[in-house]
Structures are given as structure tokens and as C-alpha cells.
Amino acid sequence: MDLETERLRLEPFQDSHYEGLRVMDSDPGVMRYINQGMVKTPEKTRESISRVHDRWEKYGFSWWAVKEKTSAAIVGAACLQYLANVEGAPLEIGWRLIPEHNGKGYATEAAKAIITFAAERIGATYLVAVADPENIPSQRVMQRLGMTYKAIEQHYDVPCVVYELSICRAD
């Protein structure tokens, strides 16, 4: 389920995205706030592509590779998934970018497309986003999306700030 925005194309993870995803997974700056700060091995990147593919098959949503339309380069990744990967938990949106693409509005643009997808295709009326309490840039994206601060909660075995968004459906 590809999504398009003015500047971006979001494509469900596939094997052809491996090299671009490796750039993020092996960058300590990208992983600073996720995966307990540990970079992923090449094997873990391949495993994550496979796991995401399985989730797409099972749920009809998961992680997208975020590509610039003009260059076709992977600039990040974004998701719609069950919070902390617990089936039945609230739906979570998330994102990460290759550092040289920070500050361009790509995370906000991709997240808006995913919010629309969640509302229109999945029927979501409530979404959350979580971040490391020190990850101020991600919290700013959450605020730009109209999300409101909920609390600090334990997810992914670490304390996370939680922002929430109620979506009004136009039936």
C-alpha cells in the first residue's frame, strides 16, 4: 500500500529497501533514541524487513520506507503499528529519518499521510506516538500533527512520552 505526498513516496518495506534501511539502522545518531541506542546488524535489518512484510500480510499496515520523489532515495522510515507491537494495543504512528534529512518537514509530511491512511483505510479514530523523553524533535513533530501530550509511560521496556490524537470520522 504505497502512499504519496507532495514530496514523498511511502512504500511498504521490501528487500529492495535493504541498503537504504541499513544506512539508518547502522547510524548511532538515528538509533540514539530507539533500540536502546544500539545499531542493528545487517542480519537484524534483514529480519526486520521480513517481520514487517509479515505484519503487512497479517494487519494491512506496518512500516513504510520513505523516499524522496525527486531522487528516489530513502530518506527515512515511518509506521503504523500496534503500540509496542502488542496486538490489540492502540495504534501507534512513528518515524525516523537519515540525519541529513532532518529539519525538512519529511517526518510531519509522512506522518500526515499515515494518519489519513489510518483513518480512511483502517478506520482508526485514535492514534498515539511515543518517543524518548529527550527526543525533543520527535515531540515537536507530534505537536505539529495536532497530537496532545498524554503522559510518560513504559513502552518498549523504556520510559516514553506519549502523545495522542483523536480522529473525527466524517461518515
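A. Here's a closer look at helix α3 (residues 42–59). In a regular helix each residue adds 1.5 Å, so 18 residues correspond to 26 Å; α3 covers 26 Å between its end C-alpha atoms and thus fits that length. What α3 keeps buried is the set T45, S48, I49, V52, R55 and W56. Down the axis, α3 shows its buried residues gathered within 125° of arc, on one side only. Those residues of α3 that are exposed and aimed more than 90 degrees away from the buried face are E43, E57 and K58.

B. Summary view of the nonpolar core. Counting 51 residues, the largest nonpolar core has L80, I93, W95 and L127 as its most contacted members. Ranked by residue count, the leading element in this core is helix α4 (residues 106–122), at 10 residues. Other than its neighbours up to four places away in sequence, L127 contacts L80, L91, I93, I115, A118, M147, Y163, E164, L165 and I167. One finds L83, V128, V130 and C160 within the second-largest nonpolar core, a separate group that totals 6 residues.

C. Looking closely at α4. Its 17 residues place the ends of α4 23 Å apart at the C-alpha level, agreeing with the 24 Å of an ideal helix rising 1.5 Å per residue. Of all the residues in α4, the buried ones are Y106, A107, T108, E109, A110, A111, A113, I114, I115, F117, A118 and A119. Just downstream of α4, G123 is the residue with a positive phi angle, here 80°.

D. Main features of the layout of surface pockets. In this structure, the largest pocket encloses a volume near 1,400 Å³. As for the largest pocket, its lining consists of 50 residues, of which Y33, I34, W63, W95 and R96 are closest to the centre. Going through the elements one at a time, α2 (28–31), α3, β4 (74–82), β5 (91–97), α4, β6 (126–131), α5 (136–144) and β8 (158–166) are the ones with two or more residues in the lining of the largest pocket. Partitioning the lining of the largest pocket into residue classes produces 24 nonpolar, 14 polar and 12 charged.

E. Geometry of the packing of aromatic side chains. This structure, assessed with the given rule, holds 8 aromatic pairs. Between the aromatic rings of F13 and W63, the centroid separation amounts to 6.1 Å while the plane-to-plane angle is 35°, which identifies the pairing as tilted. With F13 in the loop between β2 (8–12) and α1 (18–25) and W63 in strand β3 (residues 63–68), this residue pair connects regions lying 50 residues apart in the sequence. Judged by its relative accessible area of 4%, F13 is buried. Arranged with centres 5.5 Å apart and planes meeting at 65°, the rings of F61 and Y82 form a pair that is edge-to-face. With F61 in the loop between α3 and β3 and Y82 in strand β4, this residue pair connects regions lying 21 residues apart in the sequence. A residue is classified by how much of its surface remains accessible, and F61, at 4% relative accessible area, is buried. What links up through ring pairs into an aromatic cluster is the set W56, W64 and F117. Lying across the ring of Y18, R46 places its NZ or CZ 3.7 Å from the centre. Between R96 and the ring centre of W63, over which it is positioned, the NZ or CZ distance is 5.7 Å.

Conventions adopted
- Residues numbered from 1 in each chain as written.
- Predicted model: local features only at pLDDT ≥ 70, side-chain atom pairs only at ≥ 80, totals over all residues.
- Heavy atoms only, no water.
- Helix = DSSP H or I, 4+ residues; strand = E, 2+ residues; numbered from the N terminus.
- Expected span 1.5 Å × (residues − 1).
- Buried < 20%, exposed > 50% of the residue type's maximum accessible area, 1.4 Å probe, protein only.
- Arc of directions from axis to C-beta.
- Core = buried A, V, L, I, M, F, W, Y, C linked by side-chain atoms within 4.5 Å.
- Contact = heavy atoms within 4.5 Å.
- 1 Å grid on protein atoms, 1.4 Å probe; cavity = no way out; pocket = protein on both sides within 12 Å on 5 of 7 lines; lining within 4 Å.
- Points joined across faces, edges and corners; volume = space filled by probe spheres on them.
- Nonpolar A, V, L, I, M, F, W, Y, C, P; charged D, E, K, R; others polar.
- Phe/Tyr/Trp six-rings, centres within 6.5 Å; stacked < 30°, edge-to-face > 60°.
- Lys NZ or Arg CZ within 6 Å of the ring centre and 35° of its normal.

Keep in mind that these numbers describe shape and distance, not what the molecule does.
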